[in-house]
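What follows is each chain in one-letter form.
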Amino acid sequence: TKWWELLNPLPMPGEKPGDPTPRIEYAKATAQAMYDAWPDMKSMHQIEPERYDEEVQLIERSLLCIMWPFYFFIRNNVPWMFQQDHTKAYDELKLWLQVLQHQDPARRKRKWMLKSPHHLLGGGFEHALRSVPDAKMMMTHRAIEDVISSFCSLQSEQLKPFSTTFDQKKMGKYGIAWFTMGIRKMMDVRKT
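Residues numbered from 1 in each chain as written. Predicted model: local features only at pLDDT ≥ 70, side-chain atom pairs only at ≥ 80, totals over all residues. Heavy atoms only, no water.

J.: Sorry, what's going on with the overall build of the protein chain here?
T.: Scanning the protein chain from terminus to terminus reveals 11 helices and zero strands. Starting at the N terminus and ending at the C terminus, the protein chain contains elements arranged as α-α-α-α-α-α-α-α-α-α-α. Overall, the protein chain is about 50 × 45 × 25 Å in size when its C-alpha atoms are taken along their principal axes. The long-range fraction of contacts in the protein chain, counting pairs at least 24 apart against all pairs at least 6 apart in sequence, stands at 68%. When the accessible surface of the protein chain is totalled, it reaches about 12200 Å², and 57% of it is carbon and sulfur. If the 27 positive side-chain charges of the protein chain are averaged to one point and the 23 negative ones to another, these points end up 5 Å apart. (Helix = DSSP H or I, 4+ residues; strand = E, 2+ residues; numbered from the N terminus. Contact = heavy atoms within 4.5 Å. Areas by Shrake-Rupley, 256 points an atom, 1.4 Å probe, with all protein chains shown as cover. Lys, Arg positive; Asp, Glu negative; His and termini not counted. Charge placed at Lys NZ, Arg CZ, Asp CG, Glu CD.)

This is the structure in structure tokens:
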């Protein structure tokens with residue numbers, strides 16, 4: 001899904017069918033505001049409104065999403081998230097994708113390819129498979145030390161400017177614990 005669609009999946013008031021220009025322009029302004037707030041973001045995760053991005057923004061609307069710990073450092077949020085039933089969140093994601101598919105006839109009856117670390121780090125693997133039983137999951141492999149350092153850099157970029165108690169060393173331990181929970185959960189689901 002293109003970033004502008006993730007940001008605003010529904011047409012804006014007065015938007016002409018088939019002409020998403022207002023949403024694209026809004027996405028461009030939002031991307032610039034994000035770069036202004038987080039200058040190093042460009043080198044970590046480029047936001048290009050008319051290119052494809054992670055569906056995590058659609059999942060974010062459910063509040064059971066890995067993005068919230070990037071906005072607010074709440075230590076117990078991640079273990080809590082792993083204990084929740086994510087069925088409604090994945091049902092909502094499926095509905096959002098259907099809404100986007102409905103808006104673009106070229107997408108109808110086509111398969112979606114989703115790509116977000118949320119599925120690993122949110123604890124909802126089995127719920128995703130329950131919501132979309134014919135889904136296929138694929139795990140790519142990167143050196144874990146690269147993944148965790150990238151994760152910590154991105155989280156640091158987003159939290160540090162707005163915190164008076166940010167501690168980078170604690171963030172590293174937190175990241176390792178978070179990935180450990182996600183990989184263990186994935187391995188358990190994979191067994192079934």
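From this point, the discussion proceeds with the structure in view.
J.: Before we go on, may I ask you to explain the environment of Pro-39 in this structure?
T.: Tracing the backbone shows Pro-39 in the loop between α2 (21-37) and α3 (41-44). A relative accessible area of 56% places Pro-39 in the exposed class. Expressed as a C-alpha distance, the spacing of Pro-39 and Gln-158, which sit 119 residues apart in the sequence, is 9.9 Å. (Buried < 20%, exposed > 50% of the residue type's maximum accessible area, 1.4 Å probe, protein only.)

J.: I keep staring at the packing of aromatic side chains and nothing clicks. Help me out?
T.: Remark: the centre distance and the inter-plane angle together describe each pair of aromatic rings, the angle taken between the planes. Per the counting criterion, the structure on display carries three aromatic pairs. Judged by centre distance (5.0 Å) and plane angle (85 degrees), the rings of Phe-151 and Trp-178 are edge-to-face. You can see Phe-151 sitting in helix α10 (residues 144-159) and its partner Trp-178 sitting in helix α11 (residues 168-191), a full 27 residues away along the chain. A centroid spacing of 5.2 Å and a plane angle of 90 degrees characterise the contact between Phe-151 and Phe-179, whose relative ring orientation is edge-to-face. (Phe/Tyr/Trp six-rings, centres within 6.5 Å; stacked < 30°, edge-to-face > 60°.)

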